[in-house]
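Structural characterization, general
Letter by letter, the chains look like this.
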Amino acid sequence: MKKVLLPLADGFEEIETMTIVDVLRRAGIEVVIAGLKASELTGAHQIRIKPDKALADVKPESFDMIVLPGGQPGVDNLRKDSRVLDALKKMKKSNKLVGAICAAPLVLQDAGLISGVKLTSYPSVEQNLSGCQYQTTRVVVDGNLITSRGPGTSMEFALKLVEILTDKQQAENLSQALLATQHA
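Residues numbered from 1 in each chain as written. Predicted model: local features only at pLDDT ≥ 70, side-chain atom pairs only at ≥ 80, totals over all residues. Heavy atoms only, no water.

Take the overall build of the protein next. Along the backbone of the protein there are 6 helices and 11 strands. Along the first, second and third principal axes, the C-alpha atoms of the protein reach 45 × 35 × 35 Å. Relative to its full complement of 184 residues, the protein shows a buried share of 50%. Here the analysis covers contacts within the protein between residues at least 6 apart in sequence; of these, 62% occur between residues at least 24 apart. Looking at the protein as shown, the accessible area adds up to about 8,600 Å², and 48% of this sits on carbon and sulfur atoms. Side chains of the protein carry 22 positive and 21 negative charges; the gap between the two charge centres is 4 Å. (Helix = DSSP H or I, 4+ residues; strand = E, 2+ residues; numbered from the N terminus. Buried < 20%, exposed > 50% of the residue type's maximum accessible area, 1.4 Å probe, protein only. Contact = heavy atoms within 4.5 Å. Areas by Shrake-Rupley, 256 points an atom, 1.4 Å probe, with all protein chains shown as cover. Lys, Arg positive; Asp, Glu negative; His and termini not counted. Charge placed at Lys NZ, Arg CZ, Asp CG, Glu CD.)

According to the stated counting rule, one finds 8 salt bridges in the structure shown. When the shortest N-O distance is used, the salt bridge between Asp22 and Arg26 registers 2.4 Å. Of the two residues, Asp22 and Arg26 both sit in helix α1 (residues 14-26), 4 residues apart, roughly one turn of that helix. Residue class for Asp22 comes out partly exposed when judged on its relative accessible area of 35%. Relative accessible area serves as the criterion here: at 51%, Arg26 is assigned to the exposed category. Note that Arg138 is salt-bridged to Glu156, the shortest N-O span being 2.5 Å. Taken together, the residues Arg138 in the loop between β9 (133-134) and β10 (139-142) and Glu156 in helix α5 (residues 154-165) connect sequence positions 18 residues apart. (Salt bridge = Lys/Arg side-chain N within 4 Å of Asp/Glu carboxyl O.)

So, about the nonpolar core. Within the largest apolar cluster, 34 residues are counted, with the highest numbers of intra-cluster contacts made by Leu68, Leu88 and Leu108. Broken down by secondary-structure element, the contributors of at least two residues to this core are β2 (30-35), β6 (65-68), α2 (74-79), α3 (82-93), β7 (97-101) and α4 (105-110). Ignoring sequence-local partners within four residues, the contact set of Leu108 consists of Leu68, Leu88, Val98, Ala100, Leu113, Ile114, Leu145 and Thr147. Core analysis: the next-biggest nonpolar cluster, separate from the first, contains 28 residues, Val23, Met65, Leu159 and Leu165 among them. (Core = buried A, V, L, I, M, F, W, Y, C linked by side-chain atoms within 4.5 Å.)

Attention now goes to the packing of α5 against helix α6 (residues 168-177). Where α5 meets α6, the axes come as close as 7 Å, and the angle between the chain directions of the two elements is 150°. Here α5 and α6 pass one another in a crossing that is right-handed. Taken together, the residues of α6 that come into contact with α5 (itself represented by Leu159, Val162 and Glu163) are Lys168, Gln170, Ala171, Leu174 and Ser175. (Axes fitted to C-alpha atoms, helices over the stretch in contact; angles between N-to-C directions. Left-handed = near helix turned anticlockwise from the far one by under 90°.)

Structure (structure tokens):
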């Protein structure tokens, strides 16, 4: 079974977080929500969630992928946490998968992961990203890096993660079951 680490901080974007976790778990992928603190976290829109574990209690190298949700001040909180930056660097060095949505590519930039790569983000974040090949498509895959635009692209992003972590057929089956795509 594939394992995904999702670090979470106060101020996370709820739609992105829950869509990613829900869709990946439906696909049989183990997702560990690792809070920057062990206690309950509050999202950008005051929805509370209890993480599965504290980030201090996980070993990032034991995961196949790390995915960062957006949201403010969640992204700023992730950016300030050296454990998150170290985990991203380890994933990159081990040639493992890294995903980020909305403003979270800023965390990738802080970890030194975006130089020369194609990526996307929430539109207002583009001006703060440097050294990358910025794209405006809804989901961008460049090697082991997968990025997406924001809350409205969360389902597409999550299904692309399923496709990459499992296979295209499983992603298509799940997309149909969730009525995420139109079929004649």
